[in-house]
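Survey of secondary and tertiary structure
Now for the letters of each chain:
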Amino acid sequence: MNRLIEPKVRGYICTTAHPAGCAKNVHEQIKFVTSQPPIASGPKKVLIIGASTGYGLASRIVAAFGAKAQTIGIFFERAADDKRTASAGWYHTAAFEQAAHQAGLYAKSINGDAFSDAIKQKATALIKQDWGGSVDLVIYSLASPRRIHPQTGISFQSTLQPIGAPYRNKTIDIMSGQLSDVCIEPATAKEIADTVAVMGGEDWMMWIEALLKEKLLAQAAQTVAYSYIGPTLTDPIYSQGTIGAAKKDLVAASKILTQRLHAINGKALISVNKALVTQASAAIPVVPLYISLLYKIMKEKKLHEGCIEQIYRLYSDRLYRPNGTVLVDAQGLIRIDDWEMREDVQQAVAALWPKVHDENVATITDFAGYRHAFYKLFGFEVEGIDYNQPQIAAVPIPSLL
Ligand code: NAD
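So, here is what we can say about the structure in this document. (Residues numbered from 1 in each chain as written. Predicted model: local features only at pLDDT ≥ 70, side-chain atom pairs only at ≥ 80, totals over all residues. Heavy atoms only, no water.)

**Remarks on the packing of helix α2 (residues 54-67) against helix α3 (residues 88-102)**
Heads up, the rule is: To obtain an axis, a line is fitted to C-alpha atoms, over the contacting stretch when the element is a helix, and the angle between two such axes runs from 0 to 180 degrees between their N-to-C directions. Put simply, DSSP marks the helices as runs of H or I at least four residues long and the strands as runs of E at least two long, and each gets a number from the N terminus on. Here the angle decides the label: under 35 degrees means roughly parallel, over 145 means roughly antiparallel, 65 to 115 means roughly perpendicular, and every other value means oblique. A contact between two residues is defined here by any heavy atoms of the two lying within 4.5 Å. Residue polarity follows a fixed list, in which Ala, Val, Leu, Ile, Met, Phe, Trp, Tyr, Cys and Pro are nonpolar, Asp, Glu, Lys and Arg are charged, and the others, Gly among them, are polar.
Where α2 contacts α3, the two axes come as close as 11 Å, and the packing angle between them is 5°. Put simply, α2 runs roughly parallel to α3. Across the interface between the two elements, Leu 57, Arg 60, Ile 61, Ala 64 and Phe 65 of α2 pack against His 92, Thr 93, Phe 96, Glu 97, Ala 99 and Ala 100 of α3. Here the residues of the contact of α2 with α3 sort into seven nonpolar, two polar and two charged.

Next up, the structure:
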């Protein structure tokens with residue numbers, strides 16, 4: 001297929017992706033990382049689960065180009081066919097691998113369901129064969145609406161709902177910019193349990209157990225899973241909602257895993273990250289409007305970061321500090337949402353929130369910035385790309401050949 005590729009948005013998903021735009025996104029992230037000081041004493045062999053978009057892709061890029069690490073990335077992405085483009089994560093990985101190989105860095109990828117035993121076996125076999133073990137960092141960055149349990153075959157759907165009482169607030173249609181009031185009914189006990197089954201800690205534990213069983217982790221290996229807390233206004237739909245229940249389960253898993261890793265002096269950590277435009281966050285009601293306001297305030301205060309800036313700070317200022325200790329808060333959590341949660345930032349967002357309406361949404365929020373970032377996720381609206389150039393949609397990922 002050699003044709004012009006345009007965005008086709010349905011709801012909060014873009015069903016097309018632009019190969020050259022996605023590649024440019026990756027090159028821009030690499031450029032940012034290589035313009036920063038290298039991460040001294042950074043990781044050397046990194047497994048990233050959820051490596052193709054958002055926070056996981058940034059984690060792979062910082063490991064490779066900030067610390068010269070070898071990386072294996074796991075993700076679930078779509079290749080192009082006669083009718084459809086590949087998914088954005090596919091194009092990102094193709095561009096990442098190409099750049100990594102050019103820089104002389106080992107980079108291989110596995111495309112498939114990370115929740116399955118088959119993909120865990122494929123990953124452990126590859127690590128054994130190519131590295132003989134010694135993985136020193138495992139990043140867990142999956143965001144998925146469903147999971148098939150590998151032992152029972154039961155299929156779980158995650159939901160984004162409050163717990164206990166309905167949640168009413170205003171939300172924004174990410175395409176039209178139209179505001180509306182939403183009322184989301186509270187989740188049933190099953191919906192809560194199912195969300196925990198998808199986005200909680202069980203699968204993370206299964207990955208680490210699989211690596212431990214095959215003795216593939218290095219001494220003092222670390223594993224990090226990503227979480228979010230956010231402001232009071234999104235509490236009912238996030239922290240206190242079904243996804244928050246899953247994130248609490250992830251925290252509980254980090255404690256169990258740290259005990260399991262004791263023998264190799266390893267650690268399992270949770271990093272609480274900033275709210276950012278990604279495919280996963282676009283699906284959460286109310287959050288896109290909050291992000292639009294947050295971007296406005298953080299850009300004005302020159303505090304704005306994207307995934308790559310966040311993850312560079314995670315590696316350089318939290319995980320791999322010169323004194324060798326990991327910087328955590330009183331609860332033992334890594335906080336790179338510190339700038340988002342600053343009192344002045346949160347007060348400014350909270351003051352504007354009740355004032356947002358259809359007539360002023362374009363001026364008092366950064367909704368334009370939100371939409372631009374949304375299109376960029378799929379390789380559209382990327383500066384320097386000529387969208388009048390026909391594209392070959394079938395781009396290979398070198399290691400998947
Ligand atoms: P994303 O949608 O950009 O990335 C999700 C990744 O998971 C992709 O690489 C995708 O291919 C992979 N994936 C999904 N299902 C899979 C499966 N079954 N098998 C293999 N791979 C699969 O999401 P994101 O926003 O970067 O989220 C990553 C993590 O960061 C999540 O835990 C999320 O809760 C957390 N987080 C996100 C934000 C935010 O605002 N986006 C903020 C804080 C924390």
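**Focus on the nonpolar core**
Let me state the cut-off plainly: We call a set of buried Ala, Val, Leu, Ile, Met, Phe, Trp, Tyr and Cys residues a nonpolar core when their side-chain atoms join them within 4.5 Å. Any residue under 20% of the maximum accessible area for its type is buried, any over 50% is exposed, and the rest in between are partly exposed; the area is computed with a 1.4 Å probe on protein chains only.
Ile 61, Phe 65, Tyr 290 and Tyr 315 are the most contacted members of the largest nonpolar core, which has 99 residues in total. What Phe 65 contacts, discounting residues up to four positions off in sequence, is Ile 30, Val 33, Thr 34, Phe 96, Ala 99, Ala 100, Ala 103 and Leu 105. Counting 34 residues, the second-largest nonpolar core is a separate cluster that includes Leu 142, Leu 211, Leu 250 and Ala 253.

**A short note on α3**
For clarity, the cut-off: What a helix is expected to span follows from its residue count: subtract one and scale by 1.5 Å.
If you check α3, its first and last C-alpha atoms are 21 Å apart, about what 15 residues at 1.5 Å a residue would give, namely 21 Å. Residues of α3 that are buried: Ala 88, Gly 89, Trp 90, Tyr 91, His 92, Thr 93, Ala 94, Ala 95, Phe 96, Glu 97, Ala 99 and Ala 100. The inward-facing, buried residues of α3 contact α1 (19-34), α2, β5 (70-75), β6 (107-111) and α12 (367-377). Two residues or fewer after α3 comes Gly 104, characterised by a positive phi angle close to 80°.

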